[in-house]
Every structure is written in structure tokens, then in C-alpha cells.
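Residues per chain are reported as follows:
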Amino acid sequence: MRSVIFAVALSLPLPAFAAGVMNVKASEHSCSELTQIIRQNKKVFVRVGFGGRSFRYPPAQCSMGDKRSTTSLRDAGGKQCILDYSCIFDPASPYNFP
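Cut-off values and rules
Residues numbered from 1 in each chain as written. Predicted model: local features only at pLDDT ≥ 70, side-chain atom pairs only at ≥ 80, totals over all residues. Heavy atoms only, no water. Disulfide = S-S within 2.5 Å. Helix = DSSP H or I, 4+ residues; strand = E, 2+ residues; numbered from the N terminus. Buried < 20%, exposed > 50% of the residue type's maximum accessible area, 1.4 Å probe, protein only. Polar contact = N/O pair within 3.5 Å; in protein donor to acceptor, adjacent residues only side chain to side chain. Contact = heavy atoms within 4.5 Å.

Under an unreviewed UniProt entry, the name given to the protein is KTSC domain-containing protein, and the organism recorded is Rhizobium indicum.

Okay, here's the thing in C-alpha cells:
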């Protein structure tokens, strides 16, 4: 029975197990649209200027080596957005030491 379950699991495509990360440009959406996109897609990388920030919803699902924080950014209209479910690099995490 285990071999049958293992064979079925290996035959399924990888996206069946992990949802991809959606890329969004902050300069193309309003604050409310960004919030809605993050809540609908669960994992979003928001491009801000040259870099970007990762957001996960709900915030308790940050990756190992990341910490939950609030992040502020500007939307398409230049309005300041404060999003409270950002996953950012945590330099104090034991997962980030080589």
C-alpha cells in the first residue's frame, strides 16, 4: 500500500504540492488592491523600486529564516501603505548561519 501511495505522489506535478509565488509591481496597484492580491494568492513578491519584499498570508506561515514584520511602501498613487504580514530576512535566526 505504501508503494502505491508513493508512486501516486511522485506522479503528481510539483505545483500540486506547493503554490508558486506571484510577482506584483507595487507601482501598478493601490493599497487595497495589494492587500487583496496578497490575501487571495497567499504568497506574493511585491516589487518596490530595484528590489522587492515577500509577503505571505496568513503571516504565521513565513519560511524558516524569516520573521514576521510590518512593511511600508508606496502604491500607484503615491500613497503610503502599511502591510502587517511581511516576511523579512531574520539575521538572528539559526537557519541563516552557514
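We now examine the state of the cysteines. This model, assessed by the stated rule, comprises one disulfide. Bridging Cys-31 to Cys-81, the disulfide has an S-S length of 1.7 Å. Linking Cys-31 and Cys-81, the disulfide has an S-S dihedral of approximately -90 degrees and is accordingly described as left-handed. With Cys-31 in helix H2 (residues 31-41) and Cys-81 in strand E5 (residues 80-89), this pair connects stretches of sequence that are 50 residues apart. For Cys-31, a relative accessible area of 12% corresponds to the buried category.

Among the secondary structure elements, Thr-35 is positioned in helix H2. Polar side-chain contacts of Thr-35 include one of 3.0 Å to the backbone oxygen of Cys-31. Contacts of Thr-35, omitting those with residues within four sequence positions, involve Leu-83 and Tyr-85.

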